[in-house]
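Here are the chains, one letter per residue:
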Amino acid sequence: MRFRLPEKVVERSLLLVAMSSVAILLLITVFIFREGGPLLVQVGLGNFFSGAWDPQHDQYGIALMVVGSFAVTSGALLIGVPFGIACAIVLAEMAPPRARSILKPAIEVLAGIPSVVYGFMGIVVLLPMIRTHIGGPGASALAGSIILGIMVLPTVIGISVDALQAVPRSYREASLALGATQWQTIRRVVLPAARSGIVAAVILGMGRAVGETMAVIMVAGNSVQMPHSPLDSVRTLTANIALEMGYAAGDHRAALFATGIVLFVIIMILNTLANLARGRLKKRSVVVVTLAATAADLVKPRAKPEEQ
Amino acid sequence: MSANRAVPKLCVQGLDLYYGDFQALINVSLEITERRITALIGPSGCGKSTLLRTFNRMNDLIVGCKVVGDVELDGRSIYAPNRNVDDLRKRIGMVFQRPNPFPLSVYENVAYGARIHGLAAGAALDAIVEQSLAAVDLWSGLKDRLDDNALTLSGEQQQRLCIARVLAVEPDVLLMDEPCSALDPVATMRVEELMQELVDRYTIVIVTHNMQQAARVSQDTGFMLLGELVEIGPTNQVFTSPRDQRTEDYVSGRFG
Ligand SMILES: Nc1ncnc2c1ncn2[C@@H]1O[C@H](COP(=O)(O)OP(=O)(O)O)[C@@H](O)[C@H]1O
Ligand SMILES: [Mg+2]
């Protein structure tokens, strides 16, 4: 007779492994809040969200970075959402099986490309294009938006496709049997029925854009300034942390952690909203699951959102 | 009677249908008379739904489905290459086995077909919605609930709503695929009564695996078995003096 691990032991070990990820999450949460929290209290929320970022003179206001993150994120959604939803419609509703078998893996590959490669492509291809055809220095909120718009595609497409495919076939049949064309069916029945899932896709795409760091640093210019046009350089919250953490000390370092807290809270809110939109969670479990998802995002920003 | 029979509403000639390699309909020919209820009966899997779906070309949606032979509506082929399928489906409405209202308001459900075909808007559309709901006896009960989501209605109300939704586009023919199989006996009876009211204005083809239902509601009955249409004729005759032994075995309850 071969030795077999008792069922109980296997079960317990798996549980332990699973729990350890929650533990890591808690550790990270505690760590960020311990490092950044005191400074928040010390300078006060009002000052922390002011527009003066000057660590040499103990000025820690992140408003300009909030504006930067907001600018590239909304730009990314403006570009990525229409494109992503269109792709999802083609994938889920229209593409013949053969085209689907090419499109789907292609989008998965898109999700797997390291963000530094996106940034690199941005520098080599996109920035010169903006410089010559539109003007300005190239590195700009616009460039950040375009690169992020591409980077949110896998998230937006993947979750939208799930949402579209979850729409019962009987709705489509009913519509077509009434003499509706395929496009009328999609626009008037399928999309409305998939709305909450598509909203979730957009929100999670937003989270993806807010959290992205490397690619944005490489193309957005990173000046701490108020942008007056899409061609102006901006610095995002994530870029600020990554650029300054190397040499920051004392209050400066704590301010960067406090910036991390802000990001943490933003991502947590977005994940919660997305999960609520999908109606996947009982109210009570929202917080726990969201925390877990948030940690996953922070530890590994490219983590794919769980499939439905 | 013979004058009536001269112009069949639907005429099926030598129809074969394949799902891939599987032949689901074998040389089916029949005529369906205007303003009558024709019932298609037969054991489960014999091809009743498949035959019904050839009338509005819903089988076109199934990958690998091939149709040989022809179906004519008012003497015109519906499988002709230049035939407009959307227009065909507007003229031949379908009610499905499970009530499948859209997850929209009651009003939007009924208005849906009229909107996409551009039949009416504004007050005229309101009138269509009212007439259609009245035709299925839902108007008095639902006129204050037009904005409610249709999924909040009872099963019977949902199925009536689906019928109203079809009536709103003013079709000639109503195809019903076991429209009562998800309803309780009382609701079933009431939908059957509704069919009797509708047959004054519409040609109705109903699929049912329930022989009593066929006997109660239909004027003509066709019996199908293993993809073949064994026989079709006046309901009375098919049930009391069938020409084919297999029909006799089935209607007398020896199998199925
Ligand atoms: N989409 C399909 N693909 C392959 N075979 C099918 C499909 N739909 C039905 N069939 C087969 O065709 C036959 C007739 O089916 P159907 O018309 O649904 O029968 P009924 O409505 O009389 O119960 C059955 O053997 C069924 O398995
Ligand atoms: Mg059937």
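Please refer to the structure placed before this passage.
Residues numbered from 1 in each chain as written. Chains lettered and ligands numbered in written order. Predicted model: local features only at pLDDT ≥ 70, side-chain atom pairs only at ≥ 80, totals over all residues. Heavy atoms only, no water.

**Section: the nonpolar core**
Generally speaking, a soluble globular protein has its nonpolar side chains buried in company with each other.
Thinking step 1. Formed by 97 residues in total, the largest nonpolar core has its most connected members in Leu164 of chain A together with Leu133, Ile163 and Ile204 of chain B.
Thinking step 2. Of the residues forming this core, the biggest block, 9 residues, is contributed by helix 2 (residues 63-94) of chain A. (Core = buried A, V, L, I, M, F, W, Y, C linked by side-chain atoms within 4.5 Å. Buried < 20%, exposed > 50% of the residue type's maximum accessible area, 1.4 Å probe, protein only. Helix = DSSP H or I, 4+ residues; strand = E, 2+ residues; numbered from the N terminus.)

**Considerations on the pairing of strand 2 (residues 22-32) of chain B**
Residue and element names in this part refer to chain B.
Thinking step 1. Looking at chain direction, strand 1 (residues 10-19) and strand 2 are connected through 7 bridges and run antiparallel. Within strand 2, the position partnered with Tyr18 by the bridge is Gln23.
Thinking step 2. Linking strand 1 back to strand 2 in an antiparallel pair, the connection comprises 2 residues, with Gly20 at a positive phi of about 65°. (Pairing = 2+ DSSP bridges.)

**Comments concerning the sheet that holds strand 6 (residues 92-95) of chain B**
Residues and elements named next belong to chain B.
Thinking step 1. With mixed pairing, 6 strands are arranged side by side in an open sheet as 6-7-8-3-9-10. Where the open sheet ends on each side, the last strands, each with one partner, are strand 6 and strand 10 (228-234). Recorded for the sheet is a direction-independent mean angle of 15° between the axes of neighbouring strands.
Thinking step 2. In this structure, strand 6 lies alongside strand 7 (residues 173-177), joined through 4 bridges in parallel fashion. The residue of strand 7 that forms the bridge with Ile92 is Val173.
Thinking step 3. Packing against the sheet, helix 7 (residues 155-167) makes contact with strand 6 and strand 7, and its axis sits at approximately 170° to strand 6. (Axes fitted to C-alpha atoms, helices over the stretch in contact; angles between N-to-C directions. Contact = heavy atoms within 4.5 Å.)

**What to know about the packing of aromatic side chains**
Thinking step 1. Under the criterion given, the structure shown has 6 aromatic pairs over all chains.
Thinking step 2. Consider the rings of Trp53 of chain A and Tyr60 of chain A, whose centres lie 5.8 Å apart with planes at 70°: the pair is edge-to-face.
Thinking step 3. Between Arg165 of chain B and the ring centre of Phe102 of chain B, over which it is positioned, the NZ or CZ distance is 4.4 Å. (Phe/Tyr/Trp six-rings, centres within 6.5 Å; stacked < 30°, edge-to-face > 60°. Lys NZ or Arg CZ within 6 Å of the ring centre and 35° of its normal.)

**Some details on the interface of chain B and chain A**
Thinking step 1. Across the boundary between the two partners, chain B contributes 23 residues, which contact 16 residues of chain A.
Thinking step 2. Buried surface at the junction of chain B and chain A, summed over both partners, amounts to about 1,700 Å²; 65% is from carbon and sulfur atoms.
Thinking step 3. On the chain B side of the interface with chain A, the three residues burying the most area are Phe102, Tyr112 and Ile116 of chain B, jointly 30% of the side's total.
Thinking step 4. The interface formed by chain B and chain A holds 1 salt bridge in total.
Thinking step 5. Note that Glu173 of chain A is salt-bridged to Arg53 of chain B, the shortest N-O span being 3.5 Å.
Thinking step 6. Listing elements by their share of the side of chain B that touches chain A, those giving two or more residues are helix 3 (85-91), strand 6, helix 4 (106-116) and helix 7 of chain B.
Thinking step 7. Tallied by class, residues from the side of chain B that touches chain A come to 14 nonpolar, 3 polar and 6 charged. (Buried area = accessible area lost by both parts, 1.4 Å probe. Salt bridge = Lys/Arg side-chain N within 4 Å of Asp/Glu carboxyl O. Nonpolar A, V, L, I, M, F, W, Y, C, P; charged D, E, K, R; others polar.)

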